[in-house]
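Structure assessment
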Amino acid sequence: DIEMFTAVAPQFLFTSAITKDDEGVDDVLGLLLHRATPSKNWIIDAESATGMSPIEQVEEIIREKIYRCLHREVPHSVQQQNRMFRLIEPKRKKSDTVDEEKNKILRIHQDLVVKTKSHQKLVLGSGGKTLERIRSTAVRDLEDAFGCVVDLNMNVRVSKLNQDVTLETDIEGAKTFTI
């Protein structure tokens with residue numbers, strides 16, 4: 001009977017935390033730590049900052065900027081398509097002593113695909129100002145994330161079928177995510 005009761009009943013710990021050396025506080029902390037770390041193996045390597053691929057990081061940063069710059073239903077109807085993701089390293093000369101990371105350029109081309117012409121106009125903004133604000137704020141975060149200069153080119157186009165479609169992914173590194 002007692003084994004069945006302990007299997008279905010939650011664990012009770014009697015404690016008092018009135019003073020620093022009261023009984024039971026260490027038991028509660030130990031239980032919380034045990035439940036928070038069920039395994040000694042980490043899901044992500046200690047050297048890795050995230051479990052996402054670089055392209056997923058780019059798309060997530062751009063997605064955030066779209067949400068911040070656009071309102072209502074428009075951000076939810078925007079799809080991203082990665083057209084280019086290429087790290088360009090300048091040719092080194094033996095006399096170069098400048099930090100290599102500063103000279104690298106990450107070139108990214110993204111298409112933002114919307115359902116209607118009116119959504120395209122909202123994403124572009126007056127004179128392209130909204131798209132430029134999305135691009136410029138994304139560039140700052142991308143440069144911080146990747147530690148190099150980022151050349152981000154963004155285009156807005158209307159989906160031909162005017163509905164959620166799977167976009168072409170035949171270009172190397174191309175992925176499509178619905179925001």
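Every value quoted in this text rests on a predicted model; they were computed, and no experiment measured them. (Residues numbered from 1 in each chain as written. Predicted model: local features only at pLDDT ≥ 70, side-chain atom pairs only at ≥ 80, totals over all residues. Heavy atoms only, no water.)

1. What about the overall build of the protein chain?
Inclusion rule: In this description a helix means any DSSP run of H or I spanning at least four residues, a strand means any run of E spanning at least two, and both kinds are numbered starting from the N terminus. We call two residues contacting when some pair of their heavy atoms lies within 4.5 Å. Values of accessible area rely on a 1.4 Å probe in the Shrake-Rupley scheme; residue burial ignores everything except the protein chains shown.
What the protein chain contains, in helices and strands, is six helices and four strands. Reading the helices (α) and strands (β) of the protein chain from amino to carboxyl end gives α-α-α-β-α-β-α-α-β-β. Sequence separation of at least 24 residues holds for 68% of the intrachain contacts in the protein chain that already meet a minimum separation of 6. For the protein chain, the exposed surface amounts to about 13,100 Å²; the carbon and sulfur share of it is 54%.

2. Looking at the environment of Leu 13
Checked against the element boundaries, Leu 13 lands in the loop between helix H1 (2–8) and helix H2 (25–36). A C-alpha to C-alpha distance of 9.4 Å links Leu 13 and Leu 31, two positions 18 residues apart in sequence. Once residues within four sequence positions are removed from consideration, Leu 13 is found in contact with Asp 27, Val 28 and Leu 31.

3. Describing helix H3 (residues 54–69)
The line we're drawing: The length a helix should cover is 1.5 Å for every residue beyond the first. Relative accessibility decides the category of a residue: with a 1.4 Å probe and only protein chains considered, values under 20% of the type maximum give buried, values over 50% give exposed, and everything between is partly exposed.
Taking 1.5 Å of rise per residue, 16 residues should cover 22 Å, and H3 covers 23 Å from first to last C-alpha, within 8% of that figure. Among the residues making up H3, those that are buried are Ile 55, Gln 57, Val 58, Glu 59, Ile 61, Ile 62, Arg 63, Lys 65, Ile 66 and Cys 69.

4. Points about the packing of H3 against helix H6 (residues 129–146)
Put simply, the rule reads: Between N-to-C directions, angles span 0 to 180 degrees; the directions come from axes that are lines fitted to C-alpha atoms, helices contributing only their stretch in contact. When describing relative orientation, an angle under 35 degrees is termed roughly parallel and one over 145 degrees roughly antiparallel, while 65 to 115 degrees is termed roughly perpendicular and anything else oblique. Take the far helix as your reference; a near helix turned counterclockwise from it by less than a right angle gives a left-handed crossing, and one turned clockwise gives a right-handed crossing. Note on residue classes: Ala, Val, Leu, Ile, Met, Phe, Trp, Tyr, Cys and Pro are nonpolar, Asp, Glu, Lys and Arg are charged, and everything else, Gly too, is polar.
Where H3 meets H6, the closest approach of the two axes is 9 Å, and the angle between their N-to-C directions is 140°. Here H6 runs oblique to H3, going by the angle between their axes. Where H3 crosses over H6, the handedness of that crossing is right-handed. Between H3, through Pro 54, Gln 57, Val 58, Ile 61, Ile 62, Glu 64, Lys 65, Ile 66 and Cys 69, and H6, the contact on the second element is made entirely by Thr 130, Arg 133, Ile 134, Thr 137, Ala 138, Asp 141, Leu 142, Ala 145 and Phe 146. Within the contact of H3 with H6, the residues separate by chemical class into 11 nonpolar, three polar and four charged.

5. A few points about the nonpolar core
Quick note on the threshold: To form a nonpolar core, buried Ala, Val, Leu, Ile, Met, Phe, Trp, Tyr and Cys residues must be joined to one another through side-chain atoms within 4.5 Å.
Counting 23 residues, the largest nonpolar core has Ile 62, Leu 112, Val 123 and Leu 152 as the members making the most contacts within it. The set of elements that each furnish at least two residues to this core consists of H3, strand S2 (105–114), H6 and strand S3 (149–158). Once residues within four sequence positions are removed from consideration, Val 123 is found in contact with Leu 70, Val 74, Val 78, Leu 112, Val 114, Thr 130, Leu 131 and Val 156.

6. What to know about the environment of Glu 60
Tracing the chain through its elements places Glu 60 in helix H3. The exposure class assigned to Glu 60 is partly exposed, which follows from its relative accessible area of 37%. Taking the C-alpha atoms as reference points, Glu 60 and Gln 80, 20 residues apart in sequence, are found 9.9 Å from one another.

7. Focus: the pattern of salt bridges
Selection criterion: The term salt bridge refers to a side-chain nitrogen of Lys or Arg lying within 4 Å of a carboxyl oxygen of Asp or Glu.
Inspection of the entire model under this criterion finds eight salt bridges. With a shortest N-O distance of 2.9 Å, Arg 107 and Asp 151 are connected by a salt bridge. One end of the pair, Arg 107, is in strand S2; the other, Asp 151, is in strand S3, and 44 residues separate them in sequence. Three or more residues are tied together by salt bridges with common partners; here these are Glu 64, Lys 65, Arg 68 and Asp 141.

8. Concerning the packing of helix H5 (residues 117–124) against H6
At their nearest, the axes of H5 and H6 sit 5 Å apart, and the two run at 60° to each other. With respect to H6, the axis of H5 lies oblique. Contact residues: Leu 122, Val 123 and Leu 124 in H5; Lys 129, Thr 130 and Leu 131 in H6. Each residue belonging to the contact of H5 with H6 can be placed in one class, and the counts come to four nonpolar, one polar and one charged.

9. Brief notes about the environment of Arg 133
In this structure, Arg 133 sits in helix H6. Residues Arg 133 and Ile 66, 67 residues apart in the sequence, show an inter-C-alpha distance of 9.3 Å.

10. Regarding the confidence of the model for the protein chain
Selection criterion: Confidence of the predictor at the level of single residues is given by pLDDT, which spans 0 to 100.
Considering every residue of the protein chain, the mean pLDDT works out to 79; 75% of them sit at 70 or more. Taking the mean pLDDT of every element in the protein chain, the minimum, 37, falls on strand S4 (residues 176–178) and the maximum, 95, on S3. A low-confidence stretch, residues 163–179 stays under pLDDT 50, and its non-local contacts, those more than four residues away or across chains, total 46 contacts.

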